[in-house]
Amino acid sequence: MDNIKEVAGRAPGKLILCGEHAVVHGSTALAASLGLYTQVRIQTPTAETDPDGHLTIDLRDLNVLLQWPIQRIEAAFKPLEEFVVDPLCVKSCSSDIMQCIASLVNEEDFPEAVFGVSTGVSAFLFLYISIVGFKSATVIVSSDLPLGSGLGSSAAFCVAVSGALLALSGALDLDALQGSWLSLKQNNREIVNKWAFEGEKIIHGRPSGIDNTVSAYGNMVKFKSGHLTHIEHIFPIRMLITNTKVGRNTKALVAGVAERASRHPKAMSAVFDAVNAISEEMADIIQAPFSDDASISAQEGKLEELMEMNQGLLQCMGVCHPAIKAVLQTTSRFKLYSKLTGAGGGGCVLTLLPKLLSSKMIEKVKVDLESQGFQCFLATIGGEGVQVSFQCTSA
Ligand SMILES: Nc1ncnc2c1ncn2[C@@H]1O[C@H](COP(=O)(O)OP(=O)(O)OP(=O)(O)O)[C@@H](O)[C@H]1O
Ligand SMILES: C[C@@](O)(CCO)CC(=O)[O-]
Ligand SMILES: [Mg+2]
């Protein structure tokens, strides 16, 4: 019989092409996975390597290393009369469970610069204890994504953690091939996605579910009120991503939009309806057949206009930032169209790069943006969703 020595999960970040924030209020949004991944490796110790039993989490991107004796975790959960560990029974983090988790997280002294990390650690502990229980492990997390920048780092984290934990628990139906990345069957993606959503709730407060869904399933999705439609993405889309490097927090921005909606319910509902129409039209354009460069240019022209309209409505929601405006102004000087992506308030901006735009011109735009202190990159759109891998030892 083989013993699992190391399990890994990886999940991509995402771009929201249209509909962020409005999607939380029931509008359609459109998102695509990004070729940038968060990886989670889980190593299970033996009685010799960790005789007393510990849970260690090493968050490489944040330079944060945390460790709890398993007995301490069990003691923290003792006040709960009934805590069920069951990978197949997805549950929400109740306020009682959150209190137990907070007693563990509050013991840690996070550096001020990584304050937002406590919600990520809480989400991790909730998923870990719910899926595998009070067992020892060392968990190493690293990501290609900039954290807290609108590219879905929280969702990629929750999806990769859920995928790796479910694989470790034996709950996934896998044809295990050691060492290689395995794609998941549809029913397995579904359970990974459900757990990841529960983690996202801890980080985002009130997530729509679009970020974890596109990270779990990959490719391009249309999303409305919790329902996913896969988009046949044949239309060639190139996006320049510009990171303003202005830090922000999705939970606070989502809460801010909800407050504005409760102050101005009629006006904001009209804004959300307009976003819905823009997302639906964008999805139709992306799926429409095209024949030659002229028809591609015509479709790109429509996408640009819709991006501009969506950006205007995001401004109405109050999630813009002077750094985002600086990127918009710069790219419009090159006759290019941009919009913020993700929660806004800083973070990343997308710029559509028309098919016929020369690489020389793209370089010029990048140089201009980078001279203002922004960071630009091109990334592939619409790749694989969550994957897992195993390393085993023979007992
Ligand atoms: N690699 C990681 N290591 C540790 N924590 C992470 C990691 N990735 C994400 N997180 C958690 O997610 C939080 C950032 O999530 P947040 O939702 O604010 O931004 P985002 O997901 O990058 O952007 P958006 O939600 O707009 O797409 C971090 O503060 C941390 O708690
Ligand atoms: C701002 C938001 O719409 C997208 C963040 O990537 C929040 C969500 O949908 O959960
Ligand atoms: Mg997020």
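Residues numbered from 1 in each chain as written. Chains lettered and ligands numbered in written order. Predicted model: local features only at pLDDT ≥ 70, side-chain atom pairs only at ≥ 80, totals over all residues. Heavy atoms only, no water.

- Per an unreviewed UniProt entry, the chain goes by the name Mevalonate kinase and belongs to Picea sitchensis.
- We quote the UniProt Pathway (unreviewed entry) comment for the chain here in full: "Isoprenoid biosynthesis; isopentenyl diphosphate biosynthesis via mevalonate pathway; isopentenyl diphosphate from (R)-mevalonate: step 1/3." (UniProt positions renumbered as here; feature names shortened; annotations may be inferred.)

## A look at the pattern of salt bridges
Here comes step 1: Applying the stated criterion across every chain yields a total of 11 salt bridges.
Here comes step 2: Here Arg 60 and Asp 58 are joined by a salt bridge, their closest N and O atoms 2.9 Å apart.
Here comes step 3: Classification of Arg 60 as partly exposed rests on a relative accessible area of 46%.
Here comes step 4: Of the charged contacts, one joins Glu 280 and Lys 222 as a salt bridge, the two residues approaching to 2.8 Å between their closest N and O atoms. With Glu 280 in helix 8 (residues 265–287) and Lys 222 in strand 7 (residues 220–224), the pair connects residues that are 58 residues apart, well separated along the chain.
Here comes step 5: Residue classification places Glu 280 among the partly exposed residues on the basis of a relative accessible area of 24%.
Here comes step 6: Judged by its relative accessible area of 18%, Lys 222 falls in the buried class. (Salt bridge = Lys/Arg side-chain N within 4 Å of Asp/Glu carboxyl O. Buried < 20%, exposed > 50% of the residue type's maximum accessible area, 1.4 Å probe, protein only. Helix = DSSP H or I, 4+ residues; strand = E, 2+ residues; numbered from the N terminus.)

## Things to note about the site of ligand 1
Here comes step 1: Near ligand 1 lie 27 residues; those nearest to it are Lys 14, Ser 153, His 204, Arg 248 and Thr 250.
Here comes step 2: At a separation of 3.2 Å, an oxygen atom of ligand 1 approaches a polar backbone atom of Gly 120.
Here comes step 3: One nitrogen or oxygen atom from the main chain of Gly 152 is found 2.8 Å from an oxygen atom belonging to ligand 1.
Here comes step 4: Burial of ligand 1 by the surrounding chains reaches 94%, relative to a free accessible area of 640 Å².
Here comes step 5: Looking at the shell around ligand 1, the elements that each hand over two or more residues are helix 3 (117–131), strand 5 (137–143), helix 4 (153–169) and helix 5 (186–204).
Here comes step 6: Classifying every residue of the shell around ligand 1 gives nine nonpolar, 14 polar and four charged. (Near = heavy atom within 4 Å. Polar contact = N/O pair within 3.5 Å; in protein donor to acceptor, adjacent residues only side chain to side chain. Areas by Shrake-Rupley, 256 points an atom, 1.4 Å probe, with all protein chains shown as cover. Nonpolar A, V, L, I, M, F, W, Y, C, P; charged D, E, K, R; others polar.)

## Some thoughts on the pairing of strand 11 (residues 348–352)
Here comes step 1: Burial analysis of strand 11 places five of its five residues in the buried class, the great majority of the element.
Here comes step 2: Every second residue of strand 11 is oriented toward a common face, with Cys 348, Leu 350 and Leu 352 on one face and Val 349 and Thr 351 on the other, all of them buried.
Here comes step 3: Summarising the sheet, strand 9 (residues 239–243) and strand 11 pair through five bridges and their orientation is antiparallel. Following the sheet pairing, Ile 241 is matched in strand 11 by Leu 350.
Here comes step 4: Two strands pair when backbone bridges link them, and strand 10 (residues 338–340) and strand 11 are joined in this way by three bridges, in the antiparallel orientation. Bridged to Lys 339 within strand 11 is Leu 350. (Pairing = 2+ DSSP bridges.)

## As for the environment of Gly 347
Here comes step 1: Among the structural elements, Gly 347 can be located in the loop between strand 10 and strand 11.
Here comes step 2: Of the residues examined, Gly 347 reaches a relative accessible area of 0% and is grouped as buried.
Here comes step 3: Along the backbone, Gly 347 and Ser 149 are 198 residues apart, and their C-alpha atoms lie at a distance of 3.9 Å.

## Observations regarding the site of ligand 2
Here comes step 1: For ligand 2, the set of nearby residues contains 14 residues, the closest of which are Lys 14, His 21, Pro 207, Ser 208 and Asp 211.
Here comes step 2: Interatomic distance of 2.6 Å between a side-chain N/O atom of Lys 14 and an oxygen atom of ligand 2.
Here comes step 3: Residue assignment for the shell around ligand 2 shows that the elements contributing at least two residues are strand 1 (2–18) and helix 6 (210–217).
Here comes step 4: Counted by class, the shell around ligand 2 contains seven nonpolar, four polar and three charged residues.
Here comes step 5: Shared between two domains, the shell around ligand 2 takes at least three residues from each, and those domains are domain 1 (2–229 + 383–394) and domain 2 (233–378). (Domains from an automatic or database assignment.)

## Examining the UniProt feature "domain: GHMP kinase C-terminal" (unreviewed entry) in the chain
Here comes step 1: Residues annotated in UniProt with the feature "domain: GHMP kinase C-terminal" (unreviewed entry) correspond here to residues 302–356.
Here comes step 2: Counting secondary structure, residues 302–356 comes out at 49% helix and 15% strand; the distance between its end C-alpha atoms is 15 Å.

## Focus on the domain arrangement of the chain
Here comes step 1: Taken domain by domain, the chain comprises domain 1 (2–229 + 383–394) and domain 2 (233–378).
Here comes step 2: Taken over C-alpha atoms, the centre of domain 1 sits 28 Å from the centre of domain 2.
Here comes step 3: With 30 residues of domain 1 at the contact, the number on the domain 2 side is 36 residues.
Here comes step 4: Both sides together, the interface formed by domain 1 and domain 2 hides about 2,600 Å², and carbon and sulfur atoms give 65% of it.
Here comes step 5: When the buried area of domain 1 at its contact with domain 2 is split by residue, Leu 17, Glu 20 and His 21 rank highest and sum to 23% of it.
Here comes step 6: At the surface where domain 1 touches domain 2, the tally comes to two salt bridges.
Here comes step 7: At the junction of domain 1 and domain 2, the tally comes to 14 residue pairs in polar contact (both at pLDDT 80 or more).
Here comes step 8: Of all the elements in the fold, those that place two or more residues in the side of domain 1 that touches domain 2 are strand 1, strand 2 (29–43), helix 5 and strand 7.
Here comes step 9: Ranked by the residues each element gives to the side of domain 1 that touches domain 2, the list is headed by strand 1, at five residues. (Contact = heavy atoms within 4.5 Å. Buried area = accessible area lost by both parts, 1.4 Å probe.)

## Focus on unusual backbone geometry
Here comes step 1: The backbone of Asn 219 shows a phi angle near 55°, a positive value even though the residue is not glycine.
Here comes step 2: One can find Asn 219 in the loop between helix 6 and strand 7.
Here comes step 3: Backbone geometry at Lys 245 places phi at a positive 65°, although glycine is not the residue there.
Here comes step 4: Within the fold, Lys 245 resides in the loop between strand 9 and helix 7 (250–263).

## Here we look at the coordination of the magnesium ion (ligand 3)
Perfect tetrahedral coordination of a metal by four donors corresponds to 109.5 degrees between them, and perfect octahedral coordination by six donors corresponds to 90 or 180 degrees.
Here comes step 1: Taken together, Ser 154 (OG) and His 204 (NE2) make up the protein donors of the magnesium ion (ligand 3), found 2.1 to 2.2 Å from the metal. On the criterion of sequence distance, the pair formed by Ser 154 in helix 4 and His 204 in helix 5 is long-range, its members being 50 residues apart. His 204 matches Ser 154 in its accessibility class, with the two residues each being buried. (Donors = N, O, S within 2.8 Å, 3.2 Å for Na, K, Ca; no water.)

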